[in-house]
Amino acid sequence: MNSDSNMDDVHGELRKFLDYVNGTKITGDEFIDKLEEAVKKAKANGKWRRDYMTMEM
């Protein structure tokens, strides 16, 4: 499955998650709000960022 597809059989929570992965701002969804907070924490964590950059090299 492509996260950017227009599959009509993908609805509800999965569609919201796939939209979030594609950069669409989703508001009012508890799971997406928690996911967004976790992503912000990860981005702010210097050790995680350093480890990620090391892996990318």
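Residues numbered from 1 in each chain as written. Predicted model: local features only at pLDDT ≥ 70, side-chain atom pairs only at ≥ 80, totals over all residues. Heavy atoms only, no water.

**Student:** How do you make sense of the packing of helix 1 (residues 12–21) against helix 2 (residues 30–44) when you look at a structure like this?
**Tutor:** Orientation of helix 1 relative to helix 2, taken along the N-to-C sense of each, is 30°, at an axis distance of 10 Å. Relative to helix 2, the element helix 1 is oriented roughly parallel. Between helix 1 and helix 2 lies a crossing whose hand is right-handed. Of the residues in helix 2, those touching helix 1 at K16, F17 and Y20 are F31, I32, L35, E36 and V39. Tallied by class, residues from the contact of helix 1 with helix 2 come to 6 nonpolar, no polar and 2 charged. (Axes fitted to C-alpha atoms, helices over the stretch in contact; angles between N-to-C directions. Helix = DSSP H or I, 4+ residues; strand = E, 2+ residues; numbered from the N terminus. Parallel < 35°, antiparallel > 145°, perpendicular 65-115°, else oblique. Left-handed = near helix turned anticlockwise from the far one by under 90°. Contact = heavy atoms within 4.5 Å. Nonpolar A, V, L, I, M, F, W, Y, C, P; charged D, E, K, R; others polar.)

**Student:** Explain the pattern of salt bridges here, please?
**Tutor:** Side-chain pairs of opposite charge can arise whenever the charged atoms involved come near each other. This structure, assessed with the given rule, holds 4 salt bridges. One salt bridge connects K16 with D29, and the closest N-O pair in it is separated by 3.2 Å. Residue K16 is located in helix 1, and its partner D29 is located in the loop between helix 1 and helix 2; the two are separated by 13 residues in the primary sequence. (Salt bridge = Lys/Arg side-chain N within 4 Å of Asp/Glu carboxyl O.)

**Student:** Can you help me understand the environment of E56 in this one?
**Tutor:** Considering the arrangement of structural elements, one finds E56 in helix 3 (residues 46–56). For the pair formed by E56 and V39, sequence separation is 17 residues and the distance between their alpha carbons is 18 Å.

**Student:** Would you take a moment to explain the confidence of the model for the chain for this structure?
**Tutor:** The predicted coordinates of low-pLDDT regions are not to be read in fine detail. In the predicted model, the chain carries a mean pLDDT of 85, and 95% of its residues have values of at least 70. Within the chain, no element has a lower average pLDDT than helix 3, which sits at 84, and none a higher one than helix 2, at 92. (pLDDT = per-residue confidence, 0-100.)

**Student:** Would you mind going over the side chain of D29 with me for this structure?
**Tutor:** Look at D29 and you get buried, because its relative accessible area is 6%. Among the polar contacts made by the side chain of D29, one reaches the main-chain amide nitrogen of I32 at a distance of 3.0 Å. Once residues lying within four places of it in the same chain are set aside, the contact partners of D29 are E13 and K16. (Buried < 20%, exposed > 50% of the residue type's maximum accessible area, 1.4 Å probe, protein only. Polar contact = N/O pair within 3.5 Å; in protein donor to acceptor, adjacent residues only side chain to side chain.)

**Student:** I tried to follow a nonpolar patch on the surface on my own but got confused; where do I start?
**Tutor:** Where nonpolar side chains cluster on the molecular surface, the patch consists of L14, F17, V21 and F31 and spans about 350 Å² of accessible area. In terms of residues, the nonpolar patch owes the most to one element, helix 1, which gives 3 residues. Of note, F17 is situated in helix 1. Residue F17 is classed as partly exposed on the basis of its relative accessible area, which comes to 31%. (Patch = residues over 30% accessible without salt bridge, like charges linked within 9 Å, V, L, I, M, F, W, Y side chains within 5 Å. Areas by Shrake-Rupley, 256 points an atom, 1.4 Å probe, with all protein chains shown as cover.)

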